[in-house]
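Single-letter residue listing:
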Amino acid sequence: MADRKQQPKPTVLLTAINFVRNAQKRYPKVDKKLQASAESLAARGFLRPYKPWQPPTNINETINKICSQYGLKSDSEFESLEVKFNVLKTCFEETGHGVPNSLLHTIENVDDLQEFYETPVEVLTPFDALKKMDLPKNLHIQQDYVRFHPDKDTLFNGQSAFPKSSTIVSGLKTRKKYEGYTAKTSWT
């Protein structure tokens, strides 16, 4: 049996899993709960409204320069919450990339901060990633689907394969793009 190629995991998901693994090392009592969270994220995805981030080549120098302004070395922990706040604020002002609230508790020292800023963030959904992939010749992804409307489509003279079925457009976003159709029933 041929080996299947595994899809690469999105980098945001990898970031979440790495932070969970680091937390598991620090807090072994909550290991099972964190492992369940990581598996849940891997199964359903991690689609939060993050901005994309591609770290610059000199990001380590930038972080070290900011930390040295506050008297922190590469392996030192933050002395107080005020110092941590000031460092994170300065990092955001310098880079334009901030630490989300859900990950603030994972950054306890300068190494954690550097690891966060070294990690790229991609905001592609798996479907969007499929659009950009080089697919086999026999596989095609239809990006914009076609909706059949018997009154407007001349294909098959407006005859539907499902004459008693309505095509109701319920989404707010798609309602503007596609027109719904209510089928005529024999009892009305």
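Residues numbered from 1 in each chain as written. Predicted model: local features only at pLDDT ≥ 70, side-chain atom pairs only at ≥ 80, totals over all residues. Heavy atoms only, no water.

- In the nomenclature of an unreviewed UniProt entry, the protein chain corresponds to Large ribosomal subunit protein mL50 from the organism Papilio xuthus.
- Reading the Sequence similarities (unreviewed entry) entry of the UniProt record for the protein chain gives the comment "Belongs to the mitochondrion-specific ribosomal protein mL50 family."
- Per UniProt, the protein chain has the following entry under Subcellular location (unreviewed entry): "Mitochondrion". (UniProt positions renumbered as here; feature names shortened; annotations may be inferred.)

A few points about the overall build of the protein chain
Moving on, step 1. Within the protein chain, the regular secondary structure consists of seven helices and zero strands.
Moving on, step 2. Along the chain direction, N to C, the helices and strands of the protein chain fall in the order α-α-α-α-α-α-α.
Moving on, step 3. In the protein chain, which comprises 188 residues, the proportion classed as buried is 28%.
Moving on, step 4. The contacts of the protein chain with a sequence gap of at least 6 include a subset with a gap of at least 24, amounting to 55%. (Helix = DSSP H or I, 4+ residues; strand = E, 2+ residues; numbered from the N terminus. Buried < 20%, exposed > 50% of the residue type's maximum accessible area, 1.4 Å probe, protein only. Contact = heavy atoms within 4.5 Å.)

Observations concerning the nonpolar core
Moving on, step 1. Ranked by internal contacts, the top residues of the largest apolar core, which has 20 residues, are Val87, Leu113 and Tyr117.
Moving on, step 2. Sequence-distant contacts of Val87, that is, excluding residues within four places in its chain, are made with Ile66, Cys67, Tyr70, Leu72, Phe78 and Leu113. (Core = buried A, V, L, I, M, F, W, Y, C linked by side-chain atoms within 4.5 Å.)

Things to note about helix α4 (residues 81-95)
Moving on, step 1. An ideal rise of 1.5 Å per residue puts 21 Å on 15 residues; α4 measures up with 21 Å between its terminal C-alpha atoms.
Moving on, step 2. Listing the buried residues of α4 in full gives Val83, Lys84, Val87, Leu88, Thr90 and Cys91. With its buried residues spanning 160° around the axis, α4 presents them on a single face. For α4, the exposed residues set more than 90 degrees away from the buried face come down to Leu81, Glu82, Phe85 and Glu93. (Expected span 1.5 Å × (residues − 1). Arc of directions from axis to C-beta.)

Points about the packing of aromatic side chains
Moving on, step 1. Tallying each qualifying case throughout the model produces two aromatic pairs.
Moving on, step 2. Between the aromatic rings of Trp53 and Tyr117, the centroid separation amounts to 6.0 Å while the plane-to-plane angle is 80°, which identifies the pairing as edge-to-face. Placement of Trp53 in the loop between α2 (31-44) and α3 (59-69) and of Tyr117 in helix α5 (residues 110-118) is noted, with a sequence separation of 64 residues between them.
Moving on, step 3. Relative accessible area serves as the criterion here: at 9%, Trp53 is assigned to the buried category.
Moving on, step 4. Under the relative-accessibility criterion, Tyr117 is labelled buried at 1%.
Moving on, step 5. Taken together, the aromatic side chains of Trp53, Phe116 and Tyr117 make up a single cluster linked through ring pairs. (Phe/Tyr/Trp six-rings, centres within 6.5 Å; stacked < 30°, edge-to-face > 60°.)

Quick look at the packing of α3 against α4
Moving on, step 1. Closest axis-to-axis distance for the α3/α4 pair is 10 Å, and the angle between their directions is 140°. For the element pair α3 / α4, the angle class is oblique. In the crossing of α3 with α4, the sense of the turn from one axis to the other is right-handed. Contacts from Ile59, Thr62, Ile63, Lys65, Ile66, Cys67 and Gln69 in α3 reach Val87, Thr90, Cys91, Glu94 and Thr95 in α4.
Moving on, step 2. Here the residues of the contact of α3 with α4 are counted per class, giving six nonpolar, four polar and two charged. (Axes fitted to C-alpha atoms, helices over the stretch in contact; angles between N-to-C directions. Parallel < 35°, antiparallel > 145°, perpendicular 65-115°, else oblique. Left-handed = near helix turned anticlockwise from the far one by under 90°. Nonpolar A, V, L, I, M, F, W, Y, C, P; charged D, E, K, R; others polar.)

Quick look at the environment of Ser74
Moving on, step 1. Here Ser74 shows up in the loop between α3 and α4.
Moving on, step 2. The sequence separation of Ser74 and Val110 amounts to 36 residues, and the corresponding C-alpha distance is 5.5 Å.

Observations regarding the state of the cysteines
Moving on, step 1. In total, this model carries zero disulfides according to the counting rule given.
Moving on, step 2. Of the cysteine sulfurs around Cys67, a residue in no disulfide, the closest is that of Cys91, at 5.8 Å.
Moving on, step 3. Look at Cys67 and you get buried, because its relative accessible area is 1%.
Moving on, step 4. Residue classification places Cys91 among the buried residues on the basis of a relative accessible area of 0%. (Disulfide = S-S within 2.5 Å.)

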